[in-house]
Amino acid sequence: MTVTNHHPTDELLALYSAGSLPLSQALCVSTHLEYCDACGHKLRYLDRIGSTLMQKLKPSPASAELKVRTLEQLDSLPEKQVETTSEVNSSLPRCLRQFINCSCDNLGWKRVSADISRVELWRDNNGAKVELLKIRPGGAAATHTHQGDEYTVVLEGSFSDEKGLYQRGDFLLRDQNDRHTPVATRDCECICLAVTEGPVQLTGFFSRILNPLIRRAYAV
Ligand SMILES: [Zn+2]
């Protein structure tokens, strides 16, 4: 098990346990859980609390219509997919393999700057973008803030910003008050899972020119 130093808050884990998180956020928590025993232990504790509370609830009768709708939804569930076990992505967390069926090198990365490439995996119902970001060794992202929350889990390599160093499995949540400049360490490239709930807002010299372009790209 990887040693991780940055974790989801207890509140976020409780929402995950209750099944109340949007899927994109839940994907980030699931990814972190594959690296982190400590959060796995907390989650099992929260699950036990949730199940005890559920048992204390008074059951109420379900309408005939609800029963029919539930059975229809069960019938329409897709067949369980056989888990991909090919060597090319076996180093990735299991919960991400459904989005990635080839080697990370063949994912169709789009270069967004000299140091950063990205590939969009999926768009959540709430509009959040689920992406992989790749920073070359020693490379830096432009200094930015966010128009929504940004969730990041480090999958390979490591990077640092004004608040610390983040390594494999670490979980970060940045909100619109955070202004930061991620920089990959020089030993290897850094690959992260990133969920952004709104376009980033650059704060550097060219921001007045680039920000409208970023907002337009986010809306696509
Ligand atoms: Zn953790």
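Quick notes on the rules
Residues numbered from 1 in each chain as written. Predicted model: local features only at pLDDT ≥ 70, side-chain atom pairs only at ≥ 80, totals over all residues. Heavy atoms only, no water. Buried < 20%, exposed > 50% of the residue type's maximum accessible area, 1.4 Å probe, protein only. Helix = DSSP H or I, 4+ residues; strand = E, 2+ residues; numbered from the N terminus. Pairing = 2+ DSSP bridges. Core = buried A, V, L, I, M, F, W, Y, C linked by side-chain atoms within 4.5 Å. Domains from an automatic or database assignment. Contact = heavy atoms within 4.5 Å.

Caption draft 1: Examining the pairing of strand β10 (residues 190-196) more closely. Most of β10 sits out of view: seven of its seven residues are buried. On β10, burial covers both faces: C190, C192, A194 and T196 on one face and I191, L193 and V195 on the other are all buried. Alignment of strand β3 (residues 129-135) against β10, held across seven bridges, turns out to be antiparallel. Bridging across to β10, K134 finds its partner in I191.

Caption draft 2: Here's a closer look at the nonpolar core. C28, V29, L107, L132, L155, F171 and L193 are the most contacted members of the largest nonpolar core, which has 31 residues in total. Listed by contribution, the elements that provide at least two residues to this core are α1 (10-17), α2 (23-33), α3 (37-56), β2 (116-123), β3, β5 (150-156) and β10. Considering each element in turn, this core owes the most residues, five residues, to α2. Summarising the domain contributions, this core has at least three residues from each of domain 1 (10-75) and domain 2 (102-219). The contacts of L193, once residues within four sequence positions are left out, are L27, C28, T31, L96, V130, E131, L132, Y151, T152, V153 and L155. With 10 residues, the next largest nonpolar core counts I116, F159, Y166 and C190 among its residues.

Caption draft 3: Expanded view of the environment of A142. By the secondary structure assignment, A142 is in the loop between β3 and β4 (144-146). Between the C-alpha atom of A142 and that of T181, which follows or precedes it by 39 residues, the distance is 6.0 Å.

Everything listed here is a matter of geometry and, on its own, says nothing about what the molecule does.
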